[in-house]
Amino acid sequence: MQHKTDKPIFIIYLLGFLVLALSIAWNQPLANTPPIYGNPPDEHARYLIPKFICENGVIPTGFEEEVRIPAYGFSYALYNVFPYIVQGYVMRFVDLFTDSEVILLCSARTVNVVFGALMAVVVYLLSKRIFEDRRFRWLFCFVIMYMPQSLFMHTYVNTDSCCMLSAAMMVYALVKSYQEGFSRAGNLWMSGGIILCALSYYNAYGYILSCILLLIAYFFVKKDGRISYDYKAMLKNGLFISVIVLLGIGWWFIRSYVVLDGDILGLATREEMAIQYAIPEVNPLYMQTYSDRGYSVWEMMQENHTLDGAFTSFVAAYGSMSLYSNIWFYRVYKLLFGAGLVGCLYYLFNRKERDKLTGKKLFFHSNMIFCIIMPIFLMLYYAYTMDYQHQGRYILPAIVPLMYYVVKGIEHLAKIHWKQYKLPRWLVNIGVVFCFALIIIGTLHMIYFVAMPVYRELGMVL
């Protein structure tokens, strides 16, 4: 049952997110700003697409010189661009009332702030389904939406923000379907999440596969020691979801097939354009990846400190991975993650708890773990075969299930008892307060003491 004080906390949670996100969105520069590089990563290249839509009223094909990235030779318009389409037409509407380039840029960024606010609502709805204890319910909400890097992704022009919203929607749909069975409402949640995911970011496509797997597995029925399968129910729900999804995404992939000569994902066309137009330093014909140089994945990870760099930029790295918090901030986050891992391991090795793991529950959690592993695998794959980047933002699509296990692990630690003795409630409260303090104070420090001084020094550079 929802506690009577949840509403004011929810208002603070949502308004706080909006204030912090808008503070960044309306102050950070757009153009490259050496040597500080306070601008968001690749935004100047991504912004070319909504700007083109604003000026021309049509979606670019990716071949136009106006949207081509000068050094790299290709365009982000070759990929899924639904968030850019929304931003472009919002800019086109705002352009009716102003000629200010700054206001147009801010209006595009504000679209992603709205995506972030919607994600905050979905995360809250999800928290009510998976946490009975209000302390950990709110900790789950805040650790997802207020972790500095997570918040940062909703403040500049990209497709990651919409992707993170779609991942939260799909996890909500998976949990709802697991708890209550497949229903019309749950199917709509799942369809909406799949559509936004398919039209935004390839790194989160693992969630789409998870939705398919759960749908197929859910209708195995064990009765009187025998396993049967409810094909009728599976087809009924599967067809409902499929029709909605195809209506939502079909137009884009048909367009890509026609415009890009059958290359519906745009990857082959990107390679061809990069070879034709890119400068030698980043041209695929001349650029040496770790794979080309004969390194193993492990050797790559050792040479460029992949795991440490990915973790740091997963937690907090503003600008073009150029603005960082105090080293102790990252160490305490490692402690938070470590505590969650220990709590999950305690749960698994506790015989009484382990016996509660039914086949259905085990399959569901395996699915969630897959959603965490897939973006990490893709990050390593891209770093090994395409470029040398190991940015934590590539694995942010995994944040919802990852933080579920972190917070659930901490909750398990809070319930540890030996014989009749258990942790006193006041001690658990102190631990939870410490976690909240880490999240909120750390994020405020990152925004107003690390990033804002740089933004004020540089100004809104267009």
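These notes cover the structure that comes with them.

The rules we used
- Residues numbered from 1 in each chain as written.
- Predicted model: local features only at pLDDT ≥ 70, side-chain atom pairs only at ≥ 80, totals over all residues.
- Heavy atoms only, no water.
- Helix = DSSP H or I, 4+ residues; strand = E, 2+ residues; numbered from the N terminus.
- Buried < 20%, exposed > 50% of the residue type's maximum accessible area, 1.4 Å probe, protein only.
- Patch = residues over 30% accessible without salt bridge, like charges linked within 9 Å, V, L, I, M, F, W, Y side chains within 5 Å.
- Areas by Shrake-Rupley, 256 points an atom, 1.4 Å probe, with all protein chains shown as cover.
- Salt bridge = Lys/Arg side-chain N within 4 Å of Asp/Glu carboxyl O.
- Expected span 1.5 Å × (residues − 1).
- Contact = heavy atoms within 4.5 Å.
- Phe/Tyr/Trp six-rings, centres within 6.5 Å; stacked < 30°, edge-to-face > 60°.
- Lys NZ or Arg CZ within 6 Å of the ring centre and 35° of its normal.
- Core = buried A, V, L, I, M, F, W, Y, C linked by side-chain atoms within 4.5 Å.
- Axes fitted to C-alpha atoms, helices over the stretch in contact; angles between N-to-C directions.
- Parallel < 35°, antiparallel > 145°, perpendicular 65-115°, else oblique.
- Nonpolar A, V, L, I, M, F, W, Y, C, P; charged D, E, K, R; others polar.
- Polar contact = N/O pair within 3.5 Å; in protein donor to acceptor, adjacent residues only side chain to side chain.
- Pairing = 2+ DSSP bridges.

**Concerning the environment of Ile11**
(1) Moving on: Looking at where Ile11 falls in the secondary structure, it is placed in helix α1 (residues 6–25).
(2) Moving on: Among the residues examined, Ile11 registers a relative accessible area of 40% and is labelled partly exposed.
(3) Moving on: Distance from Ile11 to Ala117, taken between C-alpha atoms, is 11 Å for residues 106 residues apart in sequence.

**Overview of a nonpolar patch on the surface**
(1) Moving on: Nonpolar side chains collect at one region of the surface, where Phe63, Ile254, Tyr257, Val258, Val259, Ile264, Leu265 and Leu267 lie side by side and expose about 730 Å² of accessible area between them.
(2) Moving on: Looking at which element gives the most residues to the nonpolar patch, the answer is helix α11 (residues 231–259), with four residues.
(3) Moving on: Counting through the fold element by element, Phe63 comes out in the loop between α3 (48–56) and α4 (82–94).
(4) Moving on: Assessed through its relative accessible area of 40%, Phe63 is described here as partly exposed.

**A short note on α1**
(1) Moving on: Taking 1.5 Å of rise per residue, 20 residues should cover 28 Å, and α1 covers 28 Å from first to last C-alpha, within 8% of that figure.
(2) Moving on: When we look at burial in α1, the residues that qualify are Asp6, Phe10, Tyr13, Leu14, Phe17, Leu20, Ala21, Ser23, Ile24 and Ala25.
(3) Moving on: In the core, the buried residues of α1 are packed alongside α5 (101–130), α6 (134–145), α7 (148–152) and α19 (425–458).

**Concerning helix α18 (residues 399–414)**
(1) Moving on: Spanning 16 residues, α18 covers 22 Å between terminal C-alpha atoms, matching the ideal 22 Å at 1.5 Å per step.
(2) Moving on: With respect to burial, α18 is a largely interior element, 14 of its 16 residues being buried.

**Quick notes on the packing of aromatic side chains**
(1) Moving on: Taken as a whole and judged by the stated rule, the model has 36 aromatic pairs.
(2) Moving on: Plain terms: the ring middles of Tyr13 and Phe142 are 5.3 Å apart, the flat faces sit at 55° to each other, and that makes the pair tilted. Of this pair, Tyr13 sits in helix α1 while Phe142 sits in helix α6, placing them 129 residues apart in sequence.
(3) Moving on: In this structure an aromatic cluster arises from ring pairing among Phe10, Tyr13, Tyr124, Trp138, Phe142, Tyr146 and Phe436.
(4) Moving on: Note that Arg270 overlies the ring of Phe74, its terminal NZ or CZ placed 4.2 Å from the centroid.
(5) Moving on: When the ring centre of Tyr290 is taken as origin, the NZ or CZ atom of Arg293, which lies over that ring, is 5.1 Å away.

**Details of the nonpolar core**
(1) Moving on: Tyr13, Met119, Phe140, Ile144, Tyr333, Ile399 and Met403 are the most contacted members of the largest nonpolar core, which has 150 residues in total.
(2) Moving on: Excluding residues within four positions of it along the chain, Met403 makes contact with Phe140, Val143, Ile144, Met147, Phe314 and Phe337.

**Here's the deal with the packing of helix α14 (residues 306–315) against helix α15 (residues 327–349)**
(1) Moving on: Across the interface, α14 lies against α15 with an axial gap of 10 Å and an inter-helix angle of 95°. By the angle class used here, α14 and α15 are roughly perpendicular. Contacts between α14 and α15 pair Asp308, Phe311, Thr312, Phe314 and Val315 from the former with Phe329, Tyr330, Tyr333, Lys334 and Phe337 from the latter.
(2) Moving on: Among the residues making up the contact of α14 with α15, the classes are represented as seven nonpolar, one polar and two charged.

**Focus on the side chain of Thr443**
(1) Moving on: Looking at the element boundaries, Thr443 is found in helix α19.
(2) Moving on: For Thr443, the side chain forms a polar contact with the main-chain oxygen of Ile439, separated by 2.7 Å.
(3) Moving on: The residues contacting Thr443, other than those within four sequence positions of it, are Leu20, Tyr146, Met147, Pro148, Leu151 and Leu438.

**Side note on unusual backbone geometry**
(1) Moving on: With an omega of 0°, the peptide bond running from Pro34 to Pro35 counts as cis.
(2) Moving on: If you trace the backbone, Pro35 turns up in the loop between α1 and α2 (43–46).
(3) Moving on: We note that Asp261 has phi near 55°; this positive angle belongs to a residue other than glycine.
(4) Moving on: Its location among the elements puts Asp261 in the loop between α11 and α12 (267–277).
(5) Moving on: In this structure Asp261 comes out as exposed when scored by relative accessible area, which is 74%.
(6) Moving on: Residues other than glycine seldom take positive phi values, yet Met321 does so here, at roughly 55°.
(7) Moving on: By the element assignment, Met321 lies in the loop between α14 and α15.
(8) Moving on: Here Met321 falls in the partly exposed class, since its relative accessible area comes to 26%.

**Some thoughts on the pairing of strand β2 (residues 226–229)**
(1) Moving on: When strand β1 (residues 220–223) meets β2, the two strands line up antiparallel, connected through four bridges. Residue pairing across strands places Val221 opposite Ser228, the latter belonging to β2.
(2) Moving on: The hairpin formed by β1 and β2 contains two residues between the paired strands, and Asp224 there has a positive phi angle of roughly 55°.

**Section: the environment of Ile264**
(1) Moving on: With respect to the helices, strands and loops of the structure, Ile264 is situated in the loop between α11 and α12.
(2) Moving on: Using a relative accessible area of 36% as the deciding quantity, one classes Ile264 as partly exposed.
(3) Moving on: Sequence spacing of Ile264 and Leu78 is 186 residues, and the spatial spacing of their C-alpha atoms is 9.1 Å.
(4) Moving on: For Ile264, the contacting residues outside a window of four places in its chain are Tyr202, Phe253, Ser256 and Tyr257.

**As for the pattern of salt bridges**
(1) Moving on: One pass over the structure, following the stated rule, counts 10 salt bridges.
(2) Moving on: Taking the shortest distance from any N to any O, the salt bridge between Arg135 and Asp133 comes out at 2.7 Å.
(3) Moving on: Looking at Arg135, the relative accessible area reads 18%, which means it is buried.
(4) Moving on: Its relative accessible area of 22% is what places Asp133 among the partly exposed residues.
(5) Moving on: Taking the shortest distance from any N to any O, the salt bridge between Glu180 and Lys176 comes out at 3.0 Å. A residue pair is termed a helical-turn pair when its members lie 3 or 4 positions apart in one helix, as Glu180 and Lys176 do in helix α8 (residues 160–180) at four residues.

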